[in-house]
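Analysis of the macromolecular model
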Amino acid sequence: MNATVTTGFEKARADGRAALVGYLPAGFPDVAGGIDALRAMVDAGCDVIEVGLPYSDPVMDGPTIQAAAQQALERGVRTADVLRTVEAVAATGTPTVVMTYWNPVERYGVPRFAADLASAGGAGLITPDLTPDSAPEWIAAADAHDLDKIFLVAPSSTDERIAMTTAACRGFVYATAVMGVTGARSTTSELAAPLVARTRALSQNGLVDLPVGVGLGVGNGAQAAEIASYADGVIVGSAFVRALLDHPDDRTAGLRALRALTEDLARGVRGG
Amino acid sequence: MSTQTGETTRYEADDQGWFGGPENGWGGRFMPEALVAALDELTAAWHDAVADPAFMAQFTAILRDYAGVPSSLYLAERLSAQVGCRVLLKREDLNHTGAHKIRNVLGQALLTKRMGKTRVIAETGAGQHGVASATAAAYFGLDCTVYMGSVDTRRQALNVARMHLLGATVVPVESGTATLKDAINEALRDWVASVDHTAYLFGTAAGPHPFPSMVRDFTRGIGDEARAQCLETYGVLPDAIAACVGGGSNAIGLFTAFLDDEDVAIYGFEPGGDGVDTPRHAATIHAGDRGVLHGARTYVLQDADGQTRDSHSISAGLDYPGVGPQHAHLSAIGRATYRPVTDDDAMRAMAMLSRTEGIIPAIETAHAIAGAMQVARELAAEKGPEATVLISLSGRGDKDMGTAIEYFGLGDVDRVTAEPVG
């Protein structure tokens, strides 16, 4: 049986801290380089890994992740490479999920994608443009293959939709801290804490205590510490991508920057 | 004459936006959760507005006094003589800003005012929807930002200038392929961050629910008017109707009034580019696969991994790798027939209509003319001169003169000849 992200959150909870969830798109800077980068993030303190599936039309992503995904696509990354990356990262024992826009999954075949993700050791999917009310096929496939289903809630979500979304999640629920797209921001959002509180209140009718992860705009240890004070998980993407984008011709320096950022964030989720 | 009837057809979406049901149907809503509340709010406001006679009366009055709608239904006699049966042209090219698109933007902008929002955003490919949006924003006193691929801002500089003159901000989009689909992506990114005070004036009958149905309802006056005009003048319904299909707003605007008239054959003409047996086309229904793009399940030009493929058409307004989900549904159930028309056939039709009727059509529209001429000849052979074909003349060709000059080699002062060029 694969590690579900729950094991990552439980480990953090047992330590009395928030979990650190780190994202990079697969195939960036190339497939092997992406695997090296994600493994460095695991070594330096990420509790859960998100492998992005690069997509031609990423409407929820800001310029940083767009640039990385486009670079990966231009170098010919395929869906099979994403699964290969999952396999290599999941082999470390760290729970590994795929974050993907919906069309590539539908194109691959939903049951086939779920089966291949499970056999690669993947824990589940984060689906930024698929909400539970449009996801019956994915929910059925995920349940058939014992995979986590991570849907998003937003500051604009109604109470009814938060209740509906959390009821459909397994693993954790992804709370978007801002109304906007991915990308590190200089200040944390004042919308995040109330959203987490609302999400907790509305998801307590379930059988398990669903962890709440906060993402969008988190880029350093101080911000991570602030979010860790009220959320179960801190999700970081663009800042990791930026660390690699800033060292296009020197992979060693890129990995060093990635490691330093992970350590800073890992201190952050431990309260700074 | 009332602009539109508002009558529903047997081909409506369900209340989740599915044409043909959620299991095997088309449309729906594949969107970030952050936008769902806004889409629900928009859906409720649109239902409320179209049920309000005061709103619809205001919409009709603005279309009449400001935009020149209803447009005329014109009997093209020389064209009719050429094909052997009656050809009617619904003259949307005579509307303010030169195309059917003014109907959609005035409807959506009026709704924006009703919802109390102060800013509109829009995407544009060739710039026609951008110009229409900037026009509606000026009319209603709304702030307007238009996203346009940087490839398109360069090749459609005249429309950029028009938008600037109308007071809109134009943002060149560099990401992805820097064309229409990327402009939509960027507009959606803006909308996620601005949705509390901003309305997204979507330019075609595609995208997430409620846009396919709402845009259709704001453009269906094309068909509602044409159907009444045809019955009143000729006492019959047309045997066939035809329109070009990119995203498909003028087509669905024409088709809707006739969907329940089972004897009326419905044709949509897609951009066949260099030919559908080449990679350079945008014939999404003919050559695409079922998928999800910009929030709707529809036909998509995509590769084996579900990445959106580059599309091509000589007509920037049809150059889109998706299509409105109701067209996907009408094609799948066989109620409408969609055929590709190549760049060359469209350009020949552009020149032919110009010389036969003194009407220079948009290149988008020329696809419908080319395809409908074939349909008209078939009908004339089958039913004789009393057969009637009704075509949506969706826009005028002024904006396309740059392309026409290049394609036909027009306007070269050293080559002015006694014979027409092209």
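Analysis parameters
Residues numbered from 1 in each chain as written. Chains lettered and ligands numbered in written order. Predicted model: local features only at pLDDT ≥ 70, side-chain atom pairs only at ≥ 80, totals over all residues. Helix = DSSP H or I, 4+ residues; strand = E, 2+ residues; numbered from the N terminus. Rg over C-alpha atoms; globule rule 2.2 N^0.38 Å. Buried ≥ 20, exposed ≤ 12 C-beta atoms within 10 Å, placed from the backbone. Contact = placed C-beta atoms within 7 Å. Pairing = 2+ DSSP bridges. Axes fitted to C-alpha atoms, helices over the stretch in contact; angles between N-to-C directions. Parallel < 35°, antiparallel > 145°, perpendicular 65-115°, else oblique. Left-handed = near helix turned anticlockwise from the far one by under 90°. Nonpolar A, V, L, I, M, F, W, Y, C, P; charged D, E, K, R; others polar.

**So, the overall build of chain A**
Each helix and strand in chain A was counted, giving twelve helices and nine strands. Here the C-alpha radius of gyration of chain A, 17 Å, is about what a compact globule of 272 residues would show, namely 19 Å. C-alpha atoms of chain A, sized along the principal axes, occupy 50 × 45 × 30 Å. In chain A, which comprises 272 residues, the proportion classed as buried is 61%. Looking at chain A alone, contacts between residues at least 24 apart form 74% of all its contacts between residues at least 6 apart.

**As for the environment of Q71 of chain A**
All names here are of chain A. Tracing the backbone through its elements, the reader meets Q71 in helix α3 (residues 63-74). Considering only alpha carbons, one finds Q71 and T199, 128 residues apart in sequence, at a separation of 36 Å. When sequence neighbours within four positions are dropped, the list of residues in contact with Q71 reads F28 and P29.

**Focus on the pairing of strand β9 (residues 240-244) of chain B**
All names here are of chain B. For β9, the buried fraction is high: five of the five residues fall into the buried class. Neither face of β9 is left uncovered, since the one carrying A240, A242 and C244 and the one carrying I241 and A243 both have all their residues buried. Two elements, β9 and strand β10 (residues 265-273), share five bridges in a ladder whose sense is parallel. When the sheet's bridge partners are listed, A242 is paired in β10 with Y267. Sheet topology places β9 next to strand β14 (residues 388-393); three bridges connect them, and they run parallel. In the strand pairing of β14, A240 is matched with V389.

**Some thoughts on the sheet that holds strand β3 (residues 73-75) of chain B**
Residues and elements named next belong to chain B. Reading across from one edge, β3-β4-β14-β9-β10-β13 is the order of the six strands in this open sheet, with mixed pairing throughout. The sheet terminates laterally at β3 and β13 (337-342), the two strands that pair on one side only. Each neighbouring strand pair of the sheet contributes to a mean axis angle of 25°, computed without reference to strand direction. Taken together, the three bridges between β3 and strand β4 (residues 86-91) define a ladder with antiparallel strand orientation. When the bridges of β4 are listed, L75 appears paired with L88. Packed on one face of the sheet, helix α10 (residues 221-234) meets β3, β4 and β14 and runs near 145° to β14.

**A closer look at the packing of α3 of chain A against helix α11 (residues 238-245) of chain A**
All names here are of chain A. At their nearest, the axes of α3 and α11 sit 9 Å apart, and the two run at 55° to each other. By the angle between their axes, α3 is oblique relative to α11. As for how α3 packs across α11, the hand of that crossing is left-handed. Two secondary-structure elements touch here, α3 through T64, I65, A67 and A68 and α11 through S238, V241, R242 and L245. Grouping the constituent residues of the contact of α3 with α11 by class yields five nonpolar, two polar and one charged.

**Digging into the interface of chain A and chain B**
Taken together, the contact pairs 33 residues of chain A with 27 residues of chain B. Looking at the side of chain A that touches chain B, the elements that each hand over two or more residues are α3, α5 (102-108), β6 (152-153) and α8 (159-168) of chain A. Counting residues per element, the side of chain A that touches chain B draws most heavily on α5 of chain A, at six residues.

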